[in-house]
Amino acid sequence: MRIHTDKPDEVRQAIYDATRKLPGVYATTTSHGSRSHAGAIELSLEGNGRAKNTGQYGAGYEIGATWDEWGVVFAAIFDADSDAVAGSVKRPVYAGEVDYRRKTQYRFDADGLPEDTHQRHAWKDAGTRIQYCTKCSAGRNFS
Ligand SMILES: [Zn+2]
């Protein structure tokens, strides 16, 4: 997952501070240039998800770590830079903190996993572009 940010040092530190609190989650980051921001970080997370990380660019952010593990790390990233952009600038996965909070239905904070976290959410449509997990309180909004 590519993170574009004007605060690459702070964001990188926030990533490692967050993963230190998450058992079995390990971050790998590499630094890149960004046309839109001061820099970009390519982040991959090993975690407790089911799928194995292929290491392939663009393979998807649910691979390796669970959706909740990614969510906590993103909370830390946006705490460090609320204007960071995840994904590509043209087609962002999260275009800043407000967008991230809404899309993840205000589930996460940087302190650790939600109490009802589990390995793989069972997403069920709950209206146009909104899904909730049938097994916990997680929700996501694609609009
Ligand atoms: Zn769930």
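Residues numbered from 1 in each chain as written. Predicted model: local features only at pLDDT ≥ 70, side-chain atom pairs only at ≥ 80, totals over all residues.

Section: helix α1 (residues 8–20)
Between its first and last C-alpha, α1 extends 18 Å over 13 residues, near the 18 Å set by a 1.5 Å rise per residue. Looking only at α1, the buried set comprises Pro8, Val11, Arg12, Ala14, Ile15, Ala18 and Thr19. One side of α1 carries all its buried residues, which in axial view fall inside an arc of 160 degrees. Check the buried side of α1 and you find it contacts β1 (2–5), β2 (26–32), β3 (39–46) and α2 (67–80). (Helix = DSSP H or I, 4+ residues; strand = E, 2+ residues; numbered from the N terminus. Expected span 1.5 Å × (residues − 1). Buried ≥ 20, exposed ≤ 12 C-beta atoms within 10 Å, placed from the backbone. Arc of directions from axis to C-beta. Contact = placed C-beta atoms within 7 Å.)

Some words on unusual backbone geometry
Despite not being glycine, Gln105 has its phi angle at roughly 55 degrees, a positive value. In this fold, Gln105 is placed in the loop between α3 (97–103) and β6 (123–125). We classify Gln105 as partly exposed; it has 16 C-beta atoms within 10 Å. Despite not being glycine, Arg129 has its phi angle at roughly 65 degrees, a positive value. Secondary-structure assignment places Arg129 in the loop between β6 and β7 (130–133).

Quick look at the sheet that holds β3
Think of a sheet as strands paired side by side through backbone hydrogen bonds, with each pair either parallel or antiparallel. The five strands are arranged β2-β3-β1-β4-β5 in an open sheet whose pairing can be described as antiparallel. Here the strands that pair on one side only, and so sit at the sheet edges, are β2 and β5 (92–95). Going across the sheet, the axis of each strand differs from the next one's by a mean of 25 degrees, ignoring polarity. Summarising the sheet, β1 and strand β4 (residues 85–87) pair through two bridges and their orientation is antiparallel. Paired with His4 across the two strands is Val85, which belongs to β4. Seen against the sheet, α1 touches β1, β2 and β3 and runs at an angle of roughly 170 degrees to β2. On the sheet, α2 packs against β1, β3, β4 and β5 and is oriented at approximately 150 degrees with respect to β3. (Pairing = 2+ DSSP bridges. Axes fitted to C-alpha atoms, helices over the stretch in contact; angles between N-to-C directions.)

Here's the deal with the sheet that holds β7
Ordered by their spatial adjacency, three strands build an open sheet running β6-β7-β8, and the pairing between neighbours is antiparallel. The open sheet has two edge strands with one neighbour each: β6 and β8 (139–141). Between one strand axis and the next, the sheet turns by 25 degrees as a mean value, whatever way the strands run. Here three bridges tie β6 to β7, and the two strands are oriented antiparallel to one another. Across the sheet, residue Trp123 finds its bridge partner in β7, namely Cys133.

Observations concerning the nonpolar core
If you look at the biggest cluster of nonpolar residues, it comprises 30 residues, and the most contacted ones within it are Ile3, Val73, Phe74, Ala76 and Ile77. Secondary-structure elements contributing two or more residues to this core are α1, β3, α2 and β4. Take this core: its biggest share by element is 10 residues, from α2. Setting aside residues up to four positions removed in sequence, Phe74 forms contacts with Ala86, Tyr94, Tyr100 and Phe108. (Core = buried A, V, L, I, M, F, W, Y, C linked by C-beta atoms within 7 Å.)

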